[in-house]
Protein chains: 2
Amino acid sequence: MKILLDLHGGDHPIDEFIFGCVEALSLCANLSLVLVGDENSAKASLDKVLLDKAYNKINRDRIEFINATDVVTNEDVPTDAIRNKKESSMVIALEATKIREDISGMVTAGSTGAALTGATLKIGRIQGVRRAALAPILPTLKGGRVCIIDGGANIESTPEFLEQFALMGSIYMQSVYGIEKPRVALLSNGTEDKKGNALVQGAFPLLKKLPINFVGNMEAREAISGDYDVIVCDGFVGNVLLKALEGSLYGFKGLLKGALTSGFRSKMGALLAKPSLKKAFKPFTLDELGAAAFLGCSKLVAKAHGSSKAGEIKAALLQVHTMAEANITNKIKTEIGKIITN
Amino acid sequence: MKILLDLHGGDHPIDEFIFGCVEALSLCANLSLVLVGDENSAKASLDKVLLDKAYNKINRDRIEFINATDVVTNEDVPTDAIRNKKESSMVIALEATKIREDISGMVTAGSTGAALTGATLKIGRIQGVRRAALAPILPTLKGGRVCIIDGGANIESTPEFLEQFALMGSIYMQSVYGIEKPRVALLSNGTEDKKGNALVQGAFPLLKKLPINFVGNMEAREAISGDYDVIVCDGFVGNVLLKALEGSLYGFKGLLKGALTSGFRSKMGALLAKPSLKKAFKPFTLDELGAAAFLGCSKLVAKAHGSSKAGEIKAALLQVHTMAEANITNKIKTEIGKIITN
């Protein structure tokens, strides 16, 4: 199973990416990698990492390099970057993923806008899929996972888009996370069937007819409660939901840290409580979550957080590996085909 | 200054409401109250509370009672309840607030939908106001306050609604919270000027022309950062934002509590850290926040949380008192008048 990694566009230097790659290779025997970026730096970094006893048994043949001399940045206008930055690691990565049959999917930590635009323009959608959607995974308070779809790819949506997002999200959580009957809910301003704006009200009857476990409307308050496996919404609302949760989580962690370091008494308390605090909040750390899958493209594309370090890169690579093993692209193709012919 | 309180529709018994009233009266010398609800229970409850030494100097003449024999519940369809439940405390409260010049505004902890519908149908909007909007206040991580407008009243909005929400929110934070130049931002999926769905893109140039301190687009991640004073959005998105923040706060507190009570070592740690934890999270408790103002009606209406206890009722009454003293209704009338004639 070969996965491609775009080495640029994230916040951290190439060493973090290489370290993440080697970690993933050491954990997953049938994984091999294609690394796209500054080949010399990547090779030098690999030499360093492989000196480590823990990794010196890893076979270098499991890593292929493709050189790229340019980088797509967050300041680039996505469509312009994909069209004009032909030597960038992201464009070369997308093209290699599209063309090469031996590559099952790719991971990038670069610009979300460029990755999504590029995936649609260069790789293309699965036949019948109206729009590809970003499907980030969040931890829940019950220790599980919940998928938000669309997490920000489609700022304007139609009820028919949401219908397909629901189907793709359900397939994803079933195949990749092993949830037998994912509980799929529509994000609304109340739980009653009639609640919602025109988009949600239009989507409700469409979701009800799908061959999924649609459990009705839900409120943002329950997003991470663990009562739902898939939350369906348009990309604008999904973006607000994700960022609100992210912002408040970081904010509260900051408050907690501040409180536990203010004065001797609190510091002593923190020392005692540290192990159980660490355990409780572990699921709410970035590197546990992997990347956000971009569902609906004919090859797997996953967007790792821009601030990804080795742990997140490792998680993202393993996640795309799992998605590829689960043959999720074909499953989506088949199920979307069924609702289209119905 | 006379404020009316609807005694029913909240989750807690009338004693909590009466206790909150007496607390507010004891804190604010020029406040008097009109209480609408089951008069006998309310009077009996008042008799009990006034036995307390702390309150036995409060003059009973500062409280007027209006009897009501019915209650609007959360199960009622809002428009039906407002039209048909003529003996309900909420309908009687709305009508008294509308008609009586001596009443400056009202507080209800009842059904949000019924309160908003009722305020529009019974009390009516200020001349020139397109839609009244719910303006809840959240604490920020920097110890300040931020207003979300619209927090859920208008599920479908137009750019022109958002324009007026921005103006009303700015006036509110200026007059009631004393912020000289409130930083007003438009909630979007990115900070760049061109970001947003059609609604946000349509509203952006309108907000830019307003005589307010419009600071551009902002992301949900920064909602409680303290970098903004007013966040403008449609009611659907505002509802998602509020409930996501609320859900994560409660969830986070739950995790924290769980961690700090798991085993002897953690409990000891919690004991030591408790004072500083309590201090850090104090702004994030409900009773510090008061009620959500419903801005744009010709009389002041504020919606207290359904789960309000005495502390929240007290805060809500004092908040409406402050709004009335600041003459916010007239200010909105004047400023809306200016943008309409422009």
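Calculation criteria
- Residues numbered from 1 in each chain as written.
- Chains lettered and ligands numbered in written order.
- Predicted model: local features only at pLDDT ≥ 70, side-chain atom pairs only at ≥ 80, totals over all residues.
- Heavy atoms only, no water.
- Helix = DSSP H or I, 4+ residues; strand = E, 2+ residues; numbered from the N terminus.
- Rg over C-alpha atoms; globule rule 2.2 N^0.38 Å.
- Buried < 20%, exposed > 50% of the residue type's maximum accessible area, 1.4 Å probe, protein only.
- Contact = heavy atoms within 4.5 Å.
- Areas by Shrake-Rupley, 256 points an atom, 1.4 Å probe, with all protein chains shown as cover.
- Lys, Arg positive; Asp, Glu negative; His and termini not counted.
- Charge placed at Lys NZ, Arg CZ, Asp CG, Glu CD.
- Buried area = accessible area lost by both parts, 1.4 Å probe.
- Salt bridge = Lys/Arg side-chain N within 4 Å of Asp/Glu carboxyl O.
- Polar contact = N/O pair within 3.5 Å; in protein donor to acceptor, adjacent residues only side chain to side chain.
- Nonpolar A, V, L, I, M, F, W, Y, C, P; charged D, E, K, R; others polar.
- Least-squares fit on C-alpha atoms with pLDDT ≥ 70 in both.
- Pairing = 2+ DSSP bridges.
- Axes fitted to C-alpha atoms, helices over the stretch in contact; angles between N-to-C directions.
- Expected span 1.5 Å × (residues − 1).
- Core = buried A, V, L, I, M, F, W, Y, C linked by side-chain atoms within 4.5 Å.
- Patch = residues over 30% accessible without salt bridge, like charges linked within 9 Å, V, L, I, M, F, W, Y side chains within 5 Å.
- Bend = angle between axes of the 7 residues up to and from the residue.
- Parallel < 35°, antiparallel > 145°, perpendicular 65-115°, else oblique.
- Left-handed = near helix turned anticlockwise from the far one by under 90°.

K.L.:
Sorry, what's going on with the overall build of chain A here?
P.N.:
What chain A contains, in helices and strands, is 11 helices and 12 strands. The C-alpha radius of gyration computed for chain A amounts to 21 Å, which stays within 12% of the reference 20 Å derived for 342 residues, consistent with globular compactness. Relative to its full complement of 342 residues, chain A shows a buried share of 57%. Excluding contacts between residues fewer than 6 apart, the proportion of contacts in chain A whose partners are at least 24 apart in sequence is 75%. Accessible area of chain A: about 14,000 Å², with a carbon and sulfur share of 52%. In chain A, the 41 positive side-chain charges and the 37 negative ones have mean positions that sit 5 Å from each other.

K.L.:
Just to check I follow, could you spell out the interface of chain B and chain A for this structure?
P.N.:
As a measure of interface size, the accessible area lost when the parts come together is often cited. Each side of the interface is counted separately: chain B has 46 residues, and chain A has 47 residues. Both faces considered, chain B and chain A share a buried interface measuring about 4,200 Å² in area, 72% of it formed by carbon and sulfur atoms. Contact with chain A buries surface across chain B, with B:R221, B:F236 and B:F252 losing the most and accounting together for 16% of the total. The interface formed by chain B and chain A contains four salt bridges. A salt bridge links B:R221 to A:E246; the nearest nitrogen and oxygen atoms lie 3.1 Å apart. Remark: the boundary between chain B and chain A carries 16 residue pairs in polar contact (both at pLDDT 80 or more). Residue assignment for the side of chain B that touches chain A shows that the elements contributing at least two residues are α7 (198–209), α8 (235–260) and α9 (264–281) of chain B. It is α8(B) that contributes the most residues to the side of chain B that touches chain A, 18 residues altogether. Looking at the side of chain B that touches chain A residue by residue, the class counts come to 28 nonpolar, 12 polar and six charged.

K.L.:
In this structure, what is going on with the relation of the copies chain B and chain A? I would like to understand it.
P.N.:
The second copy of the chain is related to the first by a rotation about an axis and a shift along the axis. Superposing chain B onto chain A requires a rotation of 180° together with a translation of 0.0 Å along the rotation axis, leaving an RMSD of 0.0 Å. Each copy turns onto its partner about a two-fold axis. Across chain B, the rotation axis passes nearest the C-alpha of B:G269, at a separation of 1.8 Å. A symmetric contact is evident, with 100% of the interface residues of chain B recurring at the interface of chain A.

K.L.:
I keep staring at the sheet that holds strand β9 (residues 213–218) of chain A and nothing clicks. Help me out?
P.N.:
What links the strands of a sheet is backbone hydrogen bonding, and the strands pair in either a parallel or an antiparallel sense. Residue and element names in this part refer to chain A. The sheet built from five strands is open, its strands ordered β6-β7-β10-β8-β9 with mixed pairing. Each of the sheet's edge strands pairs with one partner strand only, and the pair in question is β6 (137–139) and β9. Across the sheet, the mean angle separating the axes of adjacent strands is 30° when strand polarity is ignored. Relative to strand β10 (residues 230–232), strand β8 (residues 183–187) runs parallel, the two sharing three bridges. Within β10, the residue paired with A185 across the bridge is I231. Each of β8, β9 and β10 touches helix α7 (residues 198–209); the most contacted strand, β9, lies at about 160° to it.

K.L.:
How do you make sense of helix α6 (residues 159–177) of chain B when you look at a structure like this?
P.N.:
It helps to recall that an α-helix has 3.6 residues per turn; residues three or four apart then point in one direction. Residues and elements named next belong to chain B. If you check α6, its first and last C-alpha atoms are 26 Å apart, about what 19 residues at 1.5 Å a residue would give, namely 27 Å. Counting buried positions along α6 gives 16 out of 19 residues, so the element sits mostly inside the fold. Phi turns positive, to about 65°, at G178, one or two residues after α6.

K.L.:
Is there a simple way to think about the nonpolar core in this case?
P.N.:
Among soluble globular proteins, nonpolar side chains are generally buried collectively. Counting 202 residues, the largest nonpolar core has A:Y172 and B:Y172 as the members making the most contacts within it. Setting aside residues up to four positions removed in sequence, B:Y172 forms contacts with B:A135, B:I137, B:C147, B:Y177, B:A293, B:L295, B:Q319, B:M323 and B:I328.

K.L.:
I keep staring at a nonpolar patch on the surface and nothing clicks. Help me out?
P.N.:
Nonpolar side chains collect at one region of the surface, where A:F264, A:M268 and A:L271 lie side by side and expose about 340 Å² of accessible area between them. By relative accessible area, which is 65% here, A:F264 ends up exposed.

K.L.:
I tried to follow the pairing of strand β4 (residues 103–108) of chain A on my own but got confused; where do I start?
P.N.:
Residues and elements named next belong to chain A. Within β4, five of the six residues are buried, which leaves it mostly tucked inside the rest of the structure. Pairing geometry for strand β1 (residues 2–6) and β4, over four bridges, is parallel. Bridged to I3 within β4 is G105. As judged from the four bridges shared by β4 and strand β12 (residues 300–303), these two strands associate in the parallel manner. Paired with G105 across the bridge in β12 is L300.

K.L.:
Can you walk me through helix α9 (residues 264–281) of chain A in this structure?
P.N.:
By the largest-angle criterion, A:A273 marks the main kink of α9(A), which is about 60°, and a proline, A:P275, follows within four residues. Packed against the buried residues of α9(A) are α8 (235–260) of chain A together with α8 and α9 of chain B.

K.L.:
Even after reading the chapter, I still don't get the sheet that holds strand β3 (residues 63–67) of chain B, so can you show me in this structure?
P.N.:
Residue and element names in this part refer to chain B. The seven strands lie next to each other as β3-β2-β1-β4-β12-β11-β5, forming an open sheet whose pairing is mixed. The two strands at the open ends of the sheet, each matched to only one other strand, are β3 and β5 (133–135). This sheet shows a mean twist of 25° between the axes of neighbouring strands, independent of strand direction. In this structure, β5 lies alongside strand β11 (residues 292–295), joined through three bridges in antiparallel fashion. The residue of β11 that forms the bridge with A133 is L295. Packing of helix α1 (residues 14–27) onto the sheet brings it into contact with β1 (2–6), β2 (32–37) and β3, and relative to β2 it is tilted by some 170°.

K.L.:
For this particular structure, what's the right way to read the environment of B:A114?
P.N.:
Residue and element names in this part refer to chain B. As for its position among the elements, A114 is in helix α5 (residues 112–123). A114 gets classed as buried once you look at its relative accessible area, which sits at 0%. When the C-alpha atoms of A114 and N74 are compared, they prove to be 8.2 Å apart, with 40 residues separating the residues in sequence. Residues contacting A114, with those up to four places away along its chain left out, are V72, P78, I82 and M90.

K.L.:
Just to check I follow, could you spell out the side chain of B:E219 for this structure?
P.N.:
Locating B:E219 in the fold gives a position in the loop between β9 (213–218) and β10 (230–232). Once residues within four sequence positions are removed from consideration, B:E219 is found in contact with A:K243, B:L187, B:S188, B:N189, B:G190 and B:T191.

K.L.:
Help me understand unusual backbone geometry in this model?
P.N.:
A negative phi angle is the norm for most residues apart from glycine, just as the trans form is the norm for most peptide bonds. Residues and elements named next belong to chain A. Cis geometry is adopted by the peptide bond preceding D150, which originates at I149 and carries an omega value of 15°. Summarising the element assignment, D150 is placed in the loop between β7 (145–149) and α6 (159–177). One non-glycine residue with positive phi stands out, namely N327, at about 55°. Relative to the helices and strands, N327 resides in the loop between α10 (310–325) and α11 (328–341). Take N327: its relative accessible area is 39%, and that puts it in the partly exposed class.

K.L.:
Whenever I open this one, the packing of α1(B) against helix α2 (residues 39–50) of chain B confuses me. Can you help?
P.N.:
The relative placement of two packed helices comes down to the angle between their axes together with the axis-to-axis distance. All names here are of chain B. Where α1 contacts α2, the axes come no closer than 9 Å and their chain directions differ by 55°. With respect to α2, the axis of α1 lies oblique. When the axes of α1 and α2 are compared, the crossing they make is right-handed. Contact residues: α1 offers I14, D15, I18, F19 and V22, while α2 offers S41, A42, S45, L46, K48, V49 and L50. Tallied by class, the residues present in the contact of α1 with α2 amount to eight nonpolar, two polar and two charged.

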